[in-house]
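# Secondary and tertiary structure notes
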Amino acid sequence: MSYTRRTKDALAKRVAQDIHDGAYVNLGIGQPTLVANHLPPGIEVILHSENGILGMGPAPASGQEDYDLINAGKQPVSLLPGGAFFHHADSFAMMRGGHLDICVLGAFQVSATGDLANWSTGEPGSIPAVGGAMDLAIGAKQTWVMMDLLTKQGTSKVVPQCSYPLTGIGCVKRIYSDLATLECTPQGLRLIDTVEGLSLDELQRLVGLPIAAPATPA
Amino acid sequence: MINKIASSVAEALHGVRDGATVLIGGFGTAGIPNELIAGLIEQGARELTVVNNNAGNGEHGLAALLKTGRVRKIICSFPRQADSQVFDGLYRSKQIELELVPQGNLAERLRAAGAGIGAFFTPTGYGTELAKNADGSPKETRVIDGRPYVLEYPIHGDVALIKAERGDRWGNLVYRKAARNFGPVMATAAKRCIASVFDIAELGALDPETIVTPGIHVSAVVKIARVATQAGGFKEAA
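Residues numbered from 1 in each chain as written. Chains lettered and ligands numbered in written order. Predicted model: local features only at pLDDT ≥ 70, side-chain atom pairs only at ≥ 80, totals over all residues.

On to the interface of chain A and chain B. In this assembly, 31 residues from chain A lie in contact with 43 residues from chain B. Contributing elements (two or more residues each) for the side of chain A that touches chain B: helix 2 (88–96) and helix 3 (133–139) of chain A. Here the side of chain A that touches chain B takes 5 residues from helix 2 of chain A, the largest share from any one element. The residue makeup of the side of chain A that touches chain B, split by class, is 17 nonpolar, 8 polar and 6 charged. (Contact = placed C-beta atoms within 7 Å. Helix = DSSP H or I, 4+ residues; strand = E, 2+ residues; numbered from the N terminus. Nonpolar A, V, L, I, M, F, W, Y, C, P; charged D, E, K, R; others polar.)

Attention now moves to the domain arrangement of chain B. All names here are of chain B. For chain B, the domain assignment lists domain 1 (5–118 + 155–223) and domain 2 (119–152). One C-alpha centre belongs to domain 1, the other to domain 2; they are set 27 Å apart. With 10 residues of domain 1 at the interface, the matching set in domain 2 holds 8 residues. For the side of domain 1 that touches domain 2, the secondary structure elements donating two or more residues are strand 5 (97–100) and helix 5 (103–115). Top contributing element to the side of domain 1 that touches domain 2 by residue count: helix 5, with 5 residues. (Domains from an automatic or database assignment.)

Our focus in this paragraph is unusual backbone geometry. Positive phi, close to 70 degrees, is recorded for K74 of chain A, a residue that is not glycine. The topology assignment puts K74 of chain A in the loop between strand 3 (53–57) and strand 4 (78–85). Positive phi, close to 60 degrees, is recorded for K94 of chain B, a residue that is not glycine. When you line up the elements, K94 of chain B lands in the loop between helix 4 (85–92) and strand 5. For K94 of chain B, a count of 7 C-beta atoms within 10 Å translates into the label exposed. (Buried ≥ 20, exposed ≤ 12 C-beta atoms within 10 Å, placed from the backbone.)

Tracing the chain through its elements places T210 of chain B in the loop between strand 13 (199–200) and strand 14 (220–223). For T210 of chain B and V174 of chain B, which are 36 residues apart along the polypeptide, the C-alpha to C-alpha distance reads 7.0 Å.

The next subject is helix 5 of chain B. All names here are of chain B. The terminal C-alpha atoms of helix 5 lie 18 Å apart, and with 13 residues this matches the ideal 18 Å at 1.5 Å per residue to within 8%. Of all 13 residues in helix 5, 12 are buried, a share of seventy percent or more. Along helix 5, the residues classified as buried are Q103, G104, N105, L106, A107, E108, R109, L110, R111, A112, A113 and G114. Downstream of helix 5 by a residue or two, G116 has a phi angle that is positive, lying close to 75 degrees. (Expected span 1.5 Å × (residues − 1).)

All names here are of chain B. Among the residues making up helix 4, those that are buried are V86, F87, L90 and Y91. Within helix 4, the buried residues cover an arc of 125 degrees as seen down the axis, which keeps them to one side. Tucked into the core, helix 4 has its buried residues touching helix 3 (62–67) and strand 5. Just beyond helix 4, the residue with positive phi is K94, at close to 60 degrees. (Arc of directions from axis to C-beta.)

For a regular strand, side chains alternate in direction, first toward one face of the sheet and then toward the other. Residues and elements named next belong to chain B. Two strands pair when backbone bridges link them, and strand 1 (residues 5–6) and strand 14 are joined in this way by 2 bridges, in the parallel orientation. For I5, the partnering residue across the bridge sits in strand 14 and is V221. Bridge count between strand 12 (residues 190–197) and strand 14: 4 bridges; the pairing is parallel. Looking at the pairing, I194 lines up with A220 of strand 14. (Pairing = 2+ DSSP bridges.)

Core analysis: the biggest nonpolar cluster contains 126 residues, and V145 of chain A together with L110, A160, L161, M186 and I194 of chain B have the highest contact counts within it. For this core, the two domains that each supply at least three residues are domain 1 (5–118 + 155–223) and domain 2 (119–152) of chain B. Once residues within four sequence positions are removed from consideration, L110 of chain B is found in contact with A89 of chain A together with L23, I155, V185, M186 and A189 of chain B. (Core = buried A, V, L, I, M, F, W, Y, C linked by C-beta atoms within 7 Å.)

Right, let's get into the packing of helix 2 of chain A against helix 5 of chain B. The interhelical angle for the contact between helix 2 of chain A and helix 5 of chain B, taken along N-to-C directions, is 125 degrees, at an axis separation of 9 Å. With respect to each other, helix 2 of chain A and helix 5 of chain B are oriented oblique. By crossing handedness, the relation of helix 2 of chain A to helix 5 of chain B is classed as left-handed. Contacts between helix 2 of chain A and helix 5 of chain B involve H88, A89, F92, M95 and R96 of chain A from the first element and Q103, G104, A107, E108, L110 and R111 of chain B from the second. Of the residues contributing to the contact of helix 2 of chain A with helix 5 of chain B, the split by class is 5 nonpolar, 3 polar and 3 charged. (Axes fitted to C-alpha atoms, helices over the stretch in contact; angles between N-to-C directions. Parallel < 35°, antiparallel > 145°, perpendicular 65-115°, else oblique. Left-handed = near helix turned anticlockwise from the far one by under 90°.)

This paragraph deals with the sheet that holds strand 12 (residues 188–194) of chain A. All names here are of chain A. Read from one edge to the other, the open sheet built from 10 strands follows the order 4-3-2-1-5-8-10-11-12-13, with strand pairing classed as mixed. Of all strands in the sheet, those bounded by a partner on one side alone are strand 4 and strand 13 (211–212). Two strands pair when backbone bridges link them, and strand 5 (residues 102–105) and strand 8 (residues 142–147) are joined in this way by 4 bridges, in the parallel orientation. Note that in strand 8 the partner of L105 across the bridge is V145.

This part is about the sheet that holds strand 3 (residues 48–51) of chain B. All names here are of chain B. Reading across from one edge, 1-14-12-9-2-3-4-5 is the order of the 8 strands in this open sheet, with parallel pairing throughout. Either end of the sheet is taken by a strand with one partner, and the two such strands are strand 1 and strand 5. Strand direction decides the pairing type here: strand 4 (residues 71–76) and strand 5, joined by 4 bridges, are parallel. Looking across to strand 5, one finds that I75 is bridged to E99.

Written as structure tokens, this is what we have:
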């Protein structure tokens with residue numbers, strides 16, 4: 001059987017479809033920011049930015065940028081009606097205190113039990129930088145990862161144990177990838193869905209780890 | 001009469017000593033007290049420890065301070081950026097010490113300093129390389145109600161340099177949008193907090209319901225020329 005990978009936009013749409021009305025959500029820098037473009041119409045989702053914003057809106061029109069109003073990636077954004085500003089300690093208390101419903105992050109590697117590596121490849125001589133990654137990973141009620149399932153070399157980024165430096169332990173609940181959506185549990189991986197034409201057997205072969213059948217028929 | 005208004009940046013920065021720990025506000029393009037950093041370069045204090053979220057961008061502001069070679073150590077969460085070449089060079093040639101701190105731990109360690117907390121247990125960083133001390137030994141940990149935590153200590157500043165929007169002679173401050181970021185916590189965490197503002201308000205003119213930093217935390221307020229805040233040093237859509 002042949003199958004097609006989800007495009008970055010299709011993947012963002014797949015993530016967005018699982019975000020519920022009224023959710024407080026932090027979208028990590030990079031690919032996760034695309035999710036904001038695909039939120040289902042008719043629901044209200046409040047976006048959090050680590051630098052002290054709730055109710056963050058899209059990028060302003062060209063010429064309307066305000067550099068006192070930027071997102072975690074330092075790009076100009078807007079504030080929706082009802083939005084609020086607060087200082088950094090409050091912003092991270094919001095994360096660490098478990099007040100955010102969902103955060104969506106990129107990843108280098110995720111273990112079957114939800115360990116996350118997304119801040120450093122541990123390359124000798126590289127300059128480390130962590131930002132808010134560790135706070136986000138362990139803070140939200142649910143941490144979701146959004147990534148390609150395989151590296152460019154074709155090896156799985158879902159691994160028995162992360163070889164890259166850890167961001168957090170057992171913190172990832174779901175992996176949304178270009179080929180499949182997986183749940184991480186203390187017992188290991190469980191399937192949520194695959195792209196059309198990709199069997200569970202073939203997925204297990206690609207990942208190299210056992211994947212339990214969906215909890216309820218997909 | 002209390003009058004915390006300084007007539008110039010130089011006057012506000014008078015007395016910053018060699019070896020001081022300097023907390024510098026700002027995140028990205030927002031809330032960076034560039035005029036105060038320029039004043040600190042002019043002032044000449046050496047052997048500084050600087051606390052900021054980043055480690056300078058481009059050649060201006062914090063990057064220019066680093067370039068003077070007067071910063072011994074930087075405590076930050078995200079030094080590596082597309083245009084952090086000044087820091088990168090100093091770090092690679094071992095001319096600056098880096099203490100990398102997860103951003104929320106950085107904010108909370110500052111908050112703890114300002115709030116008189118001796119140390120706190122945080123879940124952030126548990127089980128990672130950042131739960132180690134500078135000598136590689138593990139930081140103290142504890143399991144509380146089944147969840148593991150790392151013990152983190154406060155970061156006290158000798159001086160905080162922050163940027164606010166408006167202030168008055170009692171040192172009350174209001175901020176603008178996401179330029180607030182680290183300002184309010186850094187103000188509480190330093191022995192002296194120096195704030196740059198675009199406007200000085202008459203006492204009583206700031207709405208007491210909207211004052212974010214009460215003047216008790218502020219030693220000096222200095223008015224600077226209003227500039228259009230812009231992406232100084234940041235590449236577009238980096």
